[in-house]
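Letter by letter, the chains look like this.
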Amino acid sequence: MPDLVQLGEDLRKIDRLIMDLVKRRMDVAHLVAQEKQRTGGVMYRPDIEDQRIARIGEHAQAIGLNPHMARALLYFLIAESCKEQTILLESQAGAAKAPEAERLKDNLLRLTEMVAPGYDARDGQSKFASHAFAAYELDLIRHEVAALPTHGLGLDLGCATGRIALELGASFAQAAGYDLSPHMVEAARANARALGATNVAFAQLDLDAQDLPHADSSASFVVMNLGTASDVSNLPRVLAEIARVLAPGGRFLLTFYNADALLYKMGFLPWVASLEAVVNPYTNCLDVKIGGAPMPVHAQLYCEAQARALMPAGLCVDNVTSFPQIAAIMPDEVLGDDKVRASIDRLDRELAKGADGSHAGAYLVVRGVRVAE
C-alpha cells in the first residue's frame, strides 16, 4: 500500500495537471476571442454556455462525480474566460495596428529582452522534451563537426546566448553567432568572456533582411538549432545566404518545427506538453505569455517535403530525422521520475532512426552538404 507521503506526491502531480488543463482551456478561449474579434462575433453567448454547463453536469454524474460541483467549476472557468476575452479586447481597442510581421518581430525582441538574463539558468527538471531534444541535437552537431574535412569557420544562426557557437569554438579556428536580439547577443558575449573563448564572435543580425558578413565559400559549417529555421520569416533568403557562405563540401544542420509531428497530428492535447515551444497551427505562431500578456512570435511548421523543396541550388539534403515523438506529447507531471525519463528518451531515440521513413518527432532535423554547382 502507498504511504501518505507517496499519496501526497500523487495529489501534487494531479493538482498541477489540473492547472495544466485549465491553462489549455484558457488558451483555447483566447483563440475564440481572437476569432470573434476578427468576425465581429458576440463575446458572451449565454445559451451556448448554459448548454455546455448542463452537459458537463451529466458527464460528471456518469463518471461518479457530484454534478453540482462540476457545473459550478465550469461556470467559474467560463466566467474567467469571458474576463480574459474582455481584457484582450480592451487592450487592443483603439491601438494602432502595426503590420503583422513587424508586430511579431517586436514581440520577439520584447520577449528576448525579458528572458535573456535567466535564459541559461532554466529549470532542467521541467519541459523534459525540450531538454531531451537539445541533448539529441547536440549529439548530431558533434557528429557533423567531427566528420568535416576542414574546420575553418563555423556559424551559428539564431545563436541566443551562444551555447552552440561556443561549442563550435572548441573545434573551429573561428566561430560566429548571430541573433536578432541585442540582449541575447550581450549575454552570449558575456558567456564567451567567462570561458575565455577569444575565437568566437557574436553580433546582432536580422537574418530575414541582412546578409551574413562573410565572404562566399568561407564557412565549413552552418547550424540553425532549436527550431530556428522555422522562426525566420524569409527562409528562402536565409537558405540562399547559407548556400553562398558555405564552401563546397561544407555541411549544414537546420532544425524546423515539424508539421508531421505526432504532437500536431493528434490535433489537440488537453494538457500542457513537455516542450518550451509549441506552434499554434491556426496562427503560425508560438504563443508566449509572460507577465500575463500574450506575445505571439512567428513560427512556421514545415514537413520534410517542404524543407527539401526550399533548398536552393548547391544545398543537398542527405539526412533527415525527427525528435522527440513520445516525450513531446506528455505532460511534465508524468515525467518526473529519472528512470521514466531515461526510458522514454531511449524510445524516442530509437523512433528517431526512422527505419520506416516516417518522421513524427516535434522537431525536424535536416542535414546536408554544399555541393559544387
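Residues numbered from 1 in each chain as written. Predicted model: local features only at pLDDT ≥ 70, side-chain atom pairs only at ≥ 80, totals over all residues. Heavy atoms only, no water.

Draft legend 1. Representation of the pairing of strand β3 (residues 200-204) in the model. As paired strands, strand β2 (residues 174-179) and β3 are joined by 5 bridges and run parallel to one another. Bridge pairing in β3 links alanine 175 to valine 200. Read as a crossover between parallel neighbours, the route from β2 over helix α7 (residues 182-195) to β3 is right-handed. (Pairing = 2+ DSSP bridges. Helix = DSSP H or I, 4+ residues; strand = E, 2+ residues; numbered from the N terminus. Right-handed = clockwise from strand over helix to strand, strands pointing away.)

Draft legend 2. Quick look at the packing of helix α5 (residues 128-147) against helix α12 (residues 338-352). For the pair α5 and α12, the least separation of the axes is 11 Å and the interaxial angle reads 50°. It follows that α5 is oblique to α12 by the angle criterion. Of the two possible hands of crossing, α5 and α12 adopt the one that is right-handed. For the pair formed by α5 and α12, the contact residues are Phe128, Ala132, Ala135, Tyr136 and Asp139 on the first element and Arg341, Asp345, Arg349 and Ala352 on the second. (Axes fitted to C-alpha atoms, helices over the stretch in contact; angles between N-to-C directions. Parallel < 35°, antiparallel > 145°, perpendicular 65-115°, else oblique. Left-handed = near helix turned anticlockwise from the far one by under 90°. Contact = heavy atoms within 4.5 Å.)

Draft legend 3. Up close: the pattern of salt bridges. Under the counting rule described, the total for this entry stands at 16 salt bridges. Among the salt bridges present, the one from arginine 237 reaches aspartate 211, with a minimum N-O distance of 2.7 Å. On the criterion of sequence distance, the pair formed by arginine 237 in helix α9 (residues 235-245) and aspartate 211 in the loop between β3 and β4 (219-224) is long-range, its members being 26 residues apart. Judged by its relative accessible area of 24%, arginine 237 falls in the partly exposed class. Counted as one network, the salt bridges with shared partners bring together Glu144, Arg251, Asp318 and Arg367. (Salt bridge = Lys/Arg side-chain N within 4 Å of Asp/Glu carboxyl O. Buried < 20%, exposed > 50% of the residue type's maximum accessible area, 1.4 Å probe, protein only.)

Draft legend 4. Highlighting the environment of leucine 286. Among the structural elements, leucine 286 can be located in strand β7 (residues 285-290). With a relative accessible area of 10%, leucine 286 lands in the buried category. Placed 55 residues apart in sequence, leucine 286 and aspartate 231 show a C-alpha to C-alpha distance of 9.1 Å. Residues within four places of leucine 286 in sequence aside, it is in contact with Asp231, Tyr257, Ala277, Val278, Val279, Met295, Pro296, Val297 and Ala299.

Draft legend 5. Spatial organisation of unusual backbone geometry. The omega angle of the peptide bond from phenylalanine 323 to proline 324 is -15°, so this bond is cis rather than trans. Along the chain, proline 324 falls in the loop between β10 (315-323) and α12. With a phi angle near 55°, alanine 160 is a residue other than glycine that sits in the positive phi range. Considering the arrangement of structural elements, one finds alanine 160 in the loop between β1 (153-157) and α6 (163-169).

Draft legend 6. Broad picture of the packing of aromatic side chains. Summed over all chains, the structure comprises 6 aromatic pairs. Summarising the aromatic geometry, the rings of phenylalanine 172 and phenylalanine 221 are spaced 6.4 Å apart at their centres and angled 15° between planes, so their arrangement reads as stacked. Of this pair, phenylalanine 172 sits in the loop between α6 and β2 while phenylalanine 221 sits in strand β4, and the two are 49 residues apart along the sequence. Pair check on accessibility: phenylalanine 172 and phenylalanine 221 agree, each one buried. (Phe/Tyr/Trp six-rings, centres within 6.5 Å; stacked < 30°, edge-to-face > 60°.)

Draft legend 7. Quick look at the nonpolar core. Formed by 49 residues in total, the largest nonpolar core has its most connected members in Ile141, Leu168, Phe202, Phe221, Tyr257 and Leu263. Counting 31 residues, the second-largest nonpolar core is a separate cluster that includes Leu157, Tyr178, Phe256 and Tyr302. (Core = buried A, V, L, I, M, F, W, Y, C linked by side-chain atoms within 4.5 Å.)

Draft legend 8. Fine view of a nonpolar patch on the surface. On the surface, Leu11, Ile14, Ile18 and Met19 cluster together to form a nonpolar patch covering roughly 390 Å² of accessible area. Within the secondary structure, leucine 11 sits in helix α1 (residues 4-39). Taking relative accessible area as the criterion, leucine 11 reaches 51% and is therefore assigned exposed. (Patch = residues over 30% accessible without salt bridge, like charges linked within 9 Å, V, L, I, M, F, W, Y side chains within 5 Å. Areas by Shrake-Rupley, 256 points an atom, 1.4 Å probe, with all protein chains shown as cover.)

Draft legend 9. Broad picture of the side chain of aspartate 348. Mapped onto the secondary structure, aspartate 348 falls in helix α12. Although aspartate 348 is buried, it makes no salt bridge; arginine 349 carries the closest opposite charge, 8.6 Å away. (Lys, Arg positive; Asp, Glu negative; His and termini not counted.)

Draft legend 10. View of the packing of helix α4 (residues 100-115) against α7. Relative orientation of the contacting elements α4 and α7 amounts to 35°, with a least axis distance of 7 Å. Here Leu109, Thr112, Glu113 and Val115 of α4 come into contact with α7, specifically with Pro182, His183 and Met184. Looking at the contact of α4 with α7 residue by residue, the class counts come to 4 nonpolar, 2 polar and 1 charged. (Nonpolar A, V, L, I, M, F, W, Y, C, P; charged D, E, K, R; others polar.)

Draft legend 11. How the structure looks around the confidence of the model for the chain. In the predicted model, the chain carries a mean pLDDT of 86, and the fraction of residues at 70 or more is 90%. A low-confidence stretch, residues 94-98 (pLDDT under 50), is modelled with 2 contacts involving residues beyond four sequence positions or located in other chains. (pLDDT = per-residue confidence, 0-100.)

Draft legend 12. Representation of the side chain of glutamate 49. Along the chain, glutamate 49 turns up in helix α2 (residues 46-62). Taking the relative accessible area as the measure of exposure, glutamate 49 reaches 8% and is therefore buried. Within the structure, glutamate 49 has its side chain in polar contact with the side chain of arginine 52 (distance 2.8 Å). (Polar contact = N/O pair within 3.5 Å; in protein donor to acceptor, adjacent residues only side chain to side chain.)

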